[in-house]
Structure formats: structure tokens, C-alpha cells
Amino acid sequence: MRLLSLPPVIAVMIIAAAAPAAAAPPPRSVIVVAADGSGDHTTVQDAVDAVPSGNARPVTVLVREGTYKQQVVIPADKPHITLAGDTDDPAKVVLTFDAAATIQRPDGSGPYGTSGSASYVISAPDFTARDLTFENSYDEAANGPSQAVAVRTTGDRQVYDNVRFIGNQDTLYANTESAGATARQYFHDCYVEGDVDFIFGRATAVFDRCVIKALDRGDAANNGYVTAASTEVANPYGFLIHRSHLVSDAPAGTYHLGRPWPAGGSPTARGQVLVRESWLGQQFKDAPWTDMSGLSWRDARLSEYRNHGPGATAGEDRPQLSARDAARLTPHHYLKGRDGWNPVRHHHDRPDPYRLGRETLGEKDGWAAAGTGTTGGSAARPEDVHVVSTRAELIAALGEPADNRPRIVYVKGAIDADTDAAGNPLTCADYAVGGYSLEAYLAAYDPAVWGRSSPPSGPLEDARRASYNAMSEHVSIAVGSNVTLAGLGRDAALKSFGLRIRNADNVIVRNLTISDTADCFPQWDPTDGEEGNWNASFDNVEISGSTHVWLDHNTLNDGDNPDANQPLYFGRPYQVHDGLLDVVRGSNYVTLSWNHLSDHDKVTLIGNTDNPASYQEADKLKVTVHHNYFEGLGQRTPRVRFGQVHVYNNYFTGGGPYVYSIGVGFQSQVYANANAFDGIAAEKVLTVFKGAAITAKDNLVDGRPVDLVAAHNAAAGASLGGDAGWTPALYTRVHPPRALRALVPAGAGAGRIR
């Protein structure tokens, strides 16, 4: 039987018809976006469009470094998308647009409006974003204030991890699809900046360990509002700001924490905001909540719990949560809903290749651990972690003290303050102005010419002061709030710098050699003492008007320029150094640990005046001094006024121009225990400057137990009391004083952190 032969095309058609239809290919698990064309798509919207509706599998849209300008919508029918930058630094992947509510749409359909201005609208549930920046780049300064949203979120179970939100008014619209809907959104390790109502909406949103920056709009009275929650009254959970830093460079008292927004005129909107265990900057008003659109803030649900920082004052207009209520208002409680969703447990601290800057003070490590403790810049975001090796880099990294974002600044190698912008060395002559010279100054104020009844005045003294000011501006560096300044390795050093921690809170300085902060222009004062004195005005480190400061494992000295090598003028030592480390002007909650201070005369003042009205120091100056190596120093280790100062487990050696160790000053309350003194006469350990008592227990002098109070009283014929009136509660394990000879010199100072 012959087989029927068919034309080839017909045969193929028959075979194709008989074969089952091929299934659609599964969606890609990773879709790459690259502006240069090296990925799957060049825009984010194209990548989102490639994800099928009803998507049921995790899909990552990976965005390579660059700036991508377009409006993007991620709709509700495309769940399980992760939008991720391909670098750990979110500042390197910027998703932006520049629409504003008042701008007309290109199609002529009218203005964008607030919702329409959003650079990104993210309605998808189970959405994650990480390691990138959402921005609305509308230029408010050039075009006038307007709502300009960076992101509008409406989906449930959304996570934003290490993400930045940049804008001005209405930056982050954390919302729901409708007034009756619930949407839970978790913002972890985020950065949000803006000015007016820049976190607003109906969503249940948790901001966990975020940095929230309120921008300075130049208004001396009211710069804006952080939150505008429109939480429906049926929803107990609105916005939770948890263990975050609310920072600003705006003037003090010019911002509100928020106001309740009745979105769309909703009669059932009663905004709920809780700010808890967070650092609040100086920008906040003493009454930080206010009304909005006819809704009184007192009718909303606005409260705080255990906040700290200069903006966390107490008052009748600051409702505080009880500890009982706080226990049920945690991130987990906000987010768990009926399905038990808990994204919180999956997030950890961000990585840091050096780790030192992420370390914080132990919970009982001295007075700086009081209250909320001292964390410095440990919460710094990647863009605020710097490694510096020049003066210019150091100053830029520290930034303006008013900009109190958490930051970590690592010093690599030795940096000399006496250098110009090009790194060339500077001498005292380079700072001199107004015709100042030492030779002319000596000639003009020689006691044989000027006399001894009054300090110098006139043109040369004015020139000296102006020269000092010029030098001070160049060599002084200011450390603001929420900063960790740390040395990398054993050779990290700041030479000739004057480190100024002034009016700051929450500062850590570790592992640095800080040496030779020399004053080129000391003042001659013939009325200072019987013979007159030269007085310098630079300290290596000055902690002034500051709180929660930890200095640890630093080395402080005069370097290769000790005062002992200076000449005599008018028969008195030409002193170019002042203190090594002073704690003054009402500073409070300070821990000084494992530092090595050596070869200097006047070392540490704690409190700088006997007048209690000058800086209201009477209830401040709480300082812990432990495991420090005081080697070959003259006096003031420390000298104390007012403060409750705990001095324990320190090792002191004599030599050089030794005068005394601990100065018991006016109304001081020093508790000194378990210290070791070698090469120092027992009766010289203490001296009294209008003080009444000191507690001194278990101290050794040349290896033998000595009652320091009794030794002082016997030698001075005085009646110094032996009870300072308090007992320290914040301290780490106390070592036996006999162990200090080996333990402290081996462990104290820069390069000794274990």
C-alpha cells in the first residue's frame, strides 16, 4: 500500500496543530535596570511593566547606579516585587521626578495635585524597597512652596530598608487605598527629609531606627511640621517613630513634631503618632503638637515616650505614654495585624567594615550611660560614614555642628592642623595679624615699661587677640551632636588641633592621639599671682555645655613641644598649652575611660567657676573617670567643682612639675576609690579649693593602702570631710588597685582597644 505524500508545509501545520500549546514562560526572578543599556531595561517603569499582573513569585527589579527621572506606578495587582539598588549606598541609585501640586500637567489636563505629584506611587502589597533613594526634585526655593511627594504608598505589608526619601513639603505620603482600608508599612534604617508635613497620611507606618531631618526654611519662628497623620479613629495604630534620630539644622524651637490632618475633611480622622526612645534635636518647640484644619491636636492621639536630646523637654503640652501603654505600642504590635506579619525580626544593624564607629557605651559604664546612654554616631547612614586623612576632609566630614545627623568620622594616619589647604606647613607667623610680633609684645609689656598693676591693653594687645582668633578659627574643630570620631589603627592622630565639643549631645571620641594644641599667642598677665604668668587659651579637648560624652582610649599630650622646653620671659615660663581635657560650662553625663594623659601641667578642670549662677552647674558636671593613665602630670587630675565625680581604677605616677592629683573644689562631690598612686607623697594626692569633703576608699600609694583624707588633714592641719554624700551606681567591674600598675599602662591610650 502506498503512503499518501503531503506537501512539507501542510505536514508541518498538521504536526503543529496536534502538539499541545506551549506554556507562557515564567516571569524572570531578577530584572536589571541600567540607564546605559547594559541591563534588561533602561527605565524602572519598563521593568515593572514586565512583571505580569497577579504575579505570585518574588521578583527583584535590580537598579544599577545612576539617576532615573520619571514618574513610576507599581500597581496593586503586581505583588511580591523587590525594588533594589545594586549598591549598599542608597545615594548612588536615585529615583526622581520634579512634579508639584501646583504645576500644570504636560497634557493640559490641569495641575498635578498632591497625589499626582508623587514621583513613585506604590500600591502593590508585599512590596520591598532597599538600598536606593526616592526623590521629588521640585525646586521649592526657586519656584515657591508646594506639595511635592517623593513616594505615595498605599499597599499593605510593604518594607523599606536602607532607603532615602528626599523632598520638601509632603515628602512621604504613607497612605491607604481608602479611608476604610488598612495598610502596614515598615521603614527600617531609613532617611527622610523635608519641611512641611513631610511624613503624612492614613497608613500604619513604623519608622524604626531612621534619621528624620527637618530642613531649615529660614523662618525664625516656624519652619514646619514633621508629621501630619490622618489615622482613622477605628485604627489604633498610625505612625510610630521608634529609636530614631530627629535632626535638623534649623534654629531652636522652630519645628513641630506634628499636627493631626483630617484627610479630605474626614470627620473620623484622629491622627495617631507616637515618638518613642528617640533623639530629638534643638529644632522642636516646647509645645511640639499643634492644630490643623479645625482639628485640635488634643482630640488626636499624639504622644511621646522616653525620648532624649535637647528637643525632648518636659511640659504640660507633651503627653507622655505610661510604661504600661508603651509595652503594647511596639513596632511588632503596630504591624502584626490579623495575619501576624512581623518584618521587624528580619532586620539587623547595617554593616561597617571598621565596626569601631558602631560601638556604643556599655549600659553601666559611668555617668555617660545615665538615662538613654551614649551612642554617638552609631546610627550613621552609609553616606554619613567618612574616612579622612587631611584637615580639609576632617572639617568637611564633621560638617556644621547644627546639622546633627548621626555621623561616623574615621581618622586615618596623622593630620596636622598647622597646614594650609594645599597641605603646606604653617608657622605662628602665618597666623599673626595687625602687626603682632612676639618681640614687639615683649618690649611693650615688659614690667619695667608697662608695670605690674594691670593686664596689657592697647594696639599690640589687640593685635595679639586678633592673631589668637585667626589661629583659633583655623585649628579648632567643632564636634556636634550624634558624632563618633574614631582613629583607625595605632597611628591615627590629630596634631595641633583643639577639639571642641560645645553645646552638643551624644558624642564619642575614641582611639586618637591628640597632641600639642599650642597657643602661638599666650597673654602676659602681671596681676596673675605674685610674679605674673603667661596664660595660653587652647585645650587639647574641651567638653563645654555638652551632655552624654564618652572619651575612650585616647592619648593626650604636648607631643614634641612640652612647656618645659619653652623659654622664660619676664622671669616666668612662656606657657603655650592650657588644659589637656576640660569638662566645663555645665556639661553633664561624661565618661572618661582608658585614656593616657602625660607630660603636662594643668590637666583637667571639671567645672570652671565657683559661681553657681554662671552656668547653673550645681546639679550637673556628673563625670566618671576610670582606668586612665595619668603619667608625669602636674595637677588637676582632676580638679572638681560642684559635680558628682567618680574617680576609680586610675593609675597615677609622679615626676615633672607635680603639685597634686585630685582637687577638691567648691561644692564638689568626689568619690575616689580603688586608684593607685606611685612616686607621689600621700599627703599631696589631695588638695582643697573651698571643698568640704571627698569619699576616698581602697586607694594605694606606692603599693600601700592609705587613707588619703587623713593624710591630707594631718599634713595641712585641716578638717576635710570623708563623706561626699553619694554612692556611685553606674560603673563597670572594679579591679583590685594592686593590678593597676600593669593593667592600666598596658591598656590605656590610642591603639590599645581590644
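Residues numbered from 1 in each chain as written. Predicted model: local features only at pLDDT ≥ 70, side-chain atom pairs only at ≥ 80, totals over all residues. Heavy atoms only, no water.

What follows is about the sheet that holds strand β17 (residues 224-229). In spatial order, the strands read β4-β7-β9-β11-β14-β17-β20; together these seven strands make up an open sheet with parallel pairing. Edge positions in the sheet fall to β4 (72-74) and β20 (255-258), since each of these pairs with one other strand and no more. Strand-to-strand twist in this sheet, taken as the mean axis angle between neighbours without regard to direction, amounts to 10°. (Pairing = 2+ DSSP bridges. Helix = DSSP H or I, 4+ residues; strand = E, 2+ residues; numbered from the N terminus. Axes fitted to C-alpha atoms, helices over the stretch in contact; angles between N-to-C directions.)

With 17 residues, helix α11 (residues 459-475) should cover 24 Å at 1.5 Å per step; its first-to-last C-alpha distance of 24 Å lies within 8% of that length. For α11, the complete set of buried residues consists of Leu460, Glu461, Ala463, Arg464, Ser467, Tyr468, Met471, Ser472, His474 and Val475. Structurally, α11 contributes buried residues whose contacts are with α7 (391-398), α8 (428-431), α9 (438-445), β26 (476-478), β28 (498-502) and β31 (523-525). (Expected span 1.5 Å × (residues − 1). Buried < 20%, exposed > 50% of the residue type's maximum accessible area, 1.4 Å probe, protein only. Contact = heavy atoms within 4.5 Å.)

Bringing the environment of Val48 into the picture now. In this fold, Val48 is placed in helix α2 (residues 44-49). Owing to a relative accessible area of 1%, Val48 belongs among the buried residues under this scheme. In this structure, Val48 is in contact with Val73, Ile74, Pro75 and Lys78, ignoring residues within four places of it in sequence.

Bringing the pairing of strand β8 (residues 128-136) into the picture now. Of the strand pairs in this sheet, strand β5 (residues 81-85) and β8 are connected by three bridges, and their pairing is parallel. Paired with Leu83 across the strands is Ala129, a residue of β8. Note that strand β6 (residues 93-97) and β8 share four bridges and pair parallel. If you follow Thr96 over to β8, its bridge partner there is Glu135.

For the coordinates displayed, the defined rule picks out 34 aromatic pairs. Ring centres of Phe134 and Phe165 lie 5.8 Å apart, and the angle between their planes is 25°; this geometry places the pair in the stacked category. Taken together, the positions of Phe134 in strand β8 and Phe165 in strand β10 (residues 158-166) put the pair 31 residues apart, joining distant regions of the chain. Taking relative accessible area as the criterion, Phe165 reaches 0% and is therefore assigned buried. Seen in terms of ring centroids, Phe207 and Phe239 are 6.3 Å apart; in terms of plane orientation they differ by 90°. Their pairing is edge-to-face. Here the residue Phe207 occupies a position in strand β15 (residues 204-208), and Phe239 occupies one in strand β18 (residues 239-242), the gap between them amounting to 32 residues. Owing to a relative accessible area of 0%, Phe207 belongs among the buried residues under this scheme. Assessed through its relative accessible area of 0%, Phe239 is described here as buried. What links up through ring pairs into an aromatic cluster is the set Tyr436, Tyr441, Tyr445, Trp450, Phe521, Trp524, Trp534, Tyr569, Phe570 and Tyr574. (Phe/Tyr/Trp six-rings, centres within 6.5 Å; stacked < 30°, edge-to-face > 60°.)

Moving on, we get to unusual backbone geometry. Backbone torsion omega between Thr637 and Pro638 reads 0°, so that peptide bond is classified as cis. For Asp126, which is not glycine, the phi dihedral falls at a positive 50°. With a relative accessible area of 23%, Asp126 lands in the partly exposed category. The phi dihedral of His553 is positive, around 55°, even though this residue is not glycine. Following the sequence through the fold, His553 ends up in the loop between β34 (547-552) and β35 (555-557). With a relative accessible area of 9%, His553 lands in the buried category.

Counted by the stated rule, this structure contains two disulfides. One disulfide in the model links Cys190 with Cys210; its S-S distance is 2.2 Å. Between Cys190 and Cys210, the S-S torsion sits near 120°, and that sign places the bridge as right-handed. Separated by 20 residues along the polypeptide, Cys190 in the loop between β12 (184-188) and β13 (191-194) and Cys210 in the loop between β15 and β16 (211-214) bring together distant segments of the chain. Residue Cys190 is classed as buried on the basis of its relative accessible area, which comes to 1%. Given the relative accessible area of 1%, Cys210 is considered buried. Numbered by order of appearance in the sequence, the disulfide-linked cysteines of the protein chain pair as 1-2, 3-4. (Disulfide = S-S within 2.5 Å.)

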